[in-house]
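Now for the letters of each chain:
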Protein chains: 2
Amino acid sequence: MSHTTEPPAPCCPPLTERPFTAEESERAARMFKALGDPVRLRLFSSVASHEGGEACVCDISDVGVSQPTVSHHLKKLKEAGLLASERRGTWVYYRVEPSALAAMGALFGAAGRPATP
Amino acid sequence: MSHTTEPPAPCCPPLTERPFTAEESERAARMFKALGDPVRLRLFSSVASHEGGEACVCDISDVGVSQPTVSHHLKKLKEAGLLASERRGTWVYYRVEPSALAAMGALFGAAGRPATP
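Calculation rules
- Residues numbered from 1 in each chain as written.
- Chains lettered and ligands numbered in written order.
- Predicted model: local features only at pLDDT ≥ 70, side-chain atom pairs only at ≥ 80, totals over all residues.
- Heavy atoms only, no water.
- Disulfide = S-S within 2.5 Å.
- Buried < 20%, exposed > 50% of the residue type's maximum accessible area, 1.4 Å probe, protein only.
- Least-squares fit on C-alpha atoms with pLDDT ≥ 70 in both.
- Pairing = 2+ DSSP bridges.
- Helix = DSSP H or I, 4+ residues; strand = E, 2+ residues; numbered from the N terminus.
- Expected span 1.5 Å × (residues − 1).
- Contact = heavy atoms within 4.5 Å.
- Buried area = accessible area lost by both parts, 1.4 Å probe.
- Salt bridge = Lys/Arg side-chain N within 4 Å of Asp/Glu carboxyl O.
- Polar contact = N/O pair within 3.5 Å; in protein donor to acceptor, adjacent residues only side chain to side chain.
- Axes fitted to C-alpha atoms, helices over the stretch in contact; angles between N-to-C directions.
- Phe/Tyr/Trp six-rings, centres within 6.5 Å; stacked < 30°, edge-to-face > 60°.

The name that an unreviewed UniProt entry assigns to chain A is Metalloregulator ArsR/SmtB family transcription factor, with the source organism given as Streptomyces griseoaurantiacus.

Put into structure tokens, the structure is as follows:
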């Protein structure tokens, strides 16, 4: 099990700094889109807030959708680079990609930068 | 013209704090979805980073889509509560809703909260 904290992915500057390039917009929009579904966002917060920073599907199935749907959404979050997963025994465990969380936070000036000039 | 800074909208706790309720997920996902399109995100960063904190359509039309498309995207951002607009003379001016920016930042622990426990 390797839960090392990677440095934040160099995605994009804060949204208030300068107009995004087409490439930056593509990259950041991919993450926003993945979180733009209520069930997916709920699952993401379930993983992100779970004890120990990770959760298996068995831990987060109380969102009112079927387990295959849960798995589908978790896959989408993984494809967007927001979650990482690891199989251990019977279960696949999911955790938030720290670099993705940092990159998203940086878009809103979470790195100590004021949000507005 | 009133550019007062409103207090952050009480949307949701940081994503890492606890699993979101269905209602919180609905509210936050609406904002994420609005930013989940590359052109829309680029327009948003253009408005957010524009001198004086606001821009009219005439200022931000260099994103490679038609002006009606720009207007359509700006409308979507407004509907999601991310932009506010005001007509002054010939042009409609857009600015970022400070409360929305603060609410989004808070989701990623931008209020000085550590992103991971």
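Past the structure itself, the notes keep going.
Asker: An account of the state of the cysteines is requested, with residue identities and associated values reported.
Answerer: Residues and elements named next belong to chain A. Summed over the entire model, instances satisfying the criterion amount to four disulfides over all chains. The partner cysteine of Cys56 in its disulfide is Cys58, sulfur to sulfur 1.9 Å. The buried category is assigned to Cys56, whose relative accessible area is 1%. Counting its disulfide-bonded cysteines in sequence order, chain A shows a connectivity of 1-2, 3-4.

Asker: Could you give me a rundown of the relation of the copies chain A and chain B, with the residues and numbers involved?
Answerer: For the pair chain A and chain B, the relating rotation is 180°, the translation along its axis is 0.0 Å, and the fit reaches an RMSD of 0.0 Å. Read as a symmetry element, the transformation amounts to a two-fold axis.

Asker: Explain the pairing of strand β3 (residues 91–96) of chain A residue by residue, including any values.
Answerer: Residue and element names in this part refer to chain A. Sheet analysis places strand β1 (residues 54–56) next to β3, joined by three bridges and oriented antiparallel. Bridging across to β3, Glu54 finds its partner in Arg95. In the sheet, strand β2 (residues 83–88) pairs with β3 via six bridges, with the strands oriented antiparallel. Across the sheet, residue Arg88 finds its bridge partner in β3, namely Trp91. The antiparallel pairing of β2 with β3 creates a hairpin that spans two residues between the two strands, and Gly89 there sits at a positive phi of about 70°.

Asker: Could you give an account of helix α1 (residues 22–35) of chain A, with specific residues and numbers?
Answerer: With 14 residues, α1 of chain A ought to run about 20 Å at 1.5 Å a step, and its terminal C-alpha atoms sit 20 Å apart, in line with that. In the core, the buried residues of α1 of chain A are packed alongside α2 (38–48), α3 (67–79) and α4 (98–107) of chain A together with α1 (22–34), α2 (38–48) and α4 (98–107) of chain B.

Asker: Please provide a residue-by-residue account of the interface of chain A and chain B, values included.
Answerer: A common way to express how large an interface is: the accessible area buried when the components associate. Taken residue by residue, the interface counts 32 residues in chain A and 32 residues in chain B. In this assembly, chain A packs against chain B so that about 2,800 Å² is buried in total across both faces, 75% of it on carbon and sulfur atoms. Taken together, chain A and chain B are joined by zero salt bridges. Applying the counting criterion to the chain A and chain B interface returns four residue pairs in polar contact (both at pLDDT 80 or more).

Asker: Let's hear about the sheet that holds β3 of chain A: which residues, and what values?
Answerer: Residue and element names in this part refer to chain A. Across the sheet, three strands lie side by side as β1-β3-β2; this open sheet has antiparallel pairing. Of all strands in the sheet, those bounded by a partner on one side alone are β1 and β2. The mean angle between the axes of side-by-side strands here comes to 30°, regardless of whether they run parallel or antiparallel. In the packing of α2 onto the sheet, the strands contacted are β1, β2 and β3, and the crossing angle to β3 comes to about 90°. Together, β2 and β3 form the strand contacts of α3, whose direction differs from that of β2 by roughly 125°.

Asker: Residue-level account of the packing of aromatic side chains, with values.
Answerer: Residue and element names in this part refer to chain A. Per the counting criterion, the structure on display carries four aromatic pairs over all chains. Note on Phe32 and Phe108: the rings are 6.0 Å apart at their centroids and 80° apart in plane angle, and the pair reads as edge-to-face. Of this pair, Phe32 sits in helix α1 while Phe108 sits in the segment after α4; the two residues are 76 residues apart in sequence, bridging distant segments of the chain. Judged by relative accessible area, which is 0%, Phe32 ranks as buried. Here Phe108 falls in the buried class, since its relative accessible area comes to 6%.

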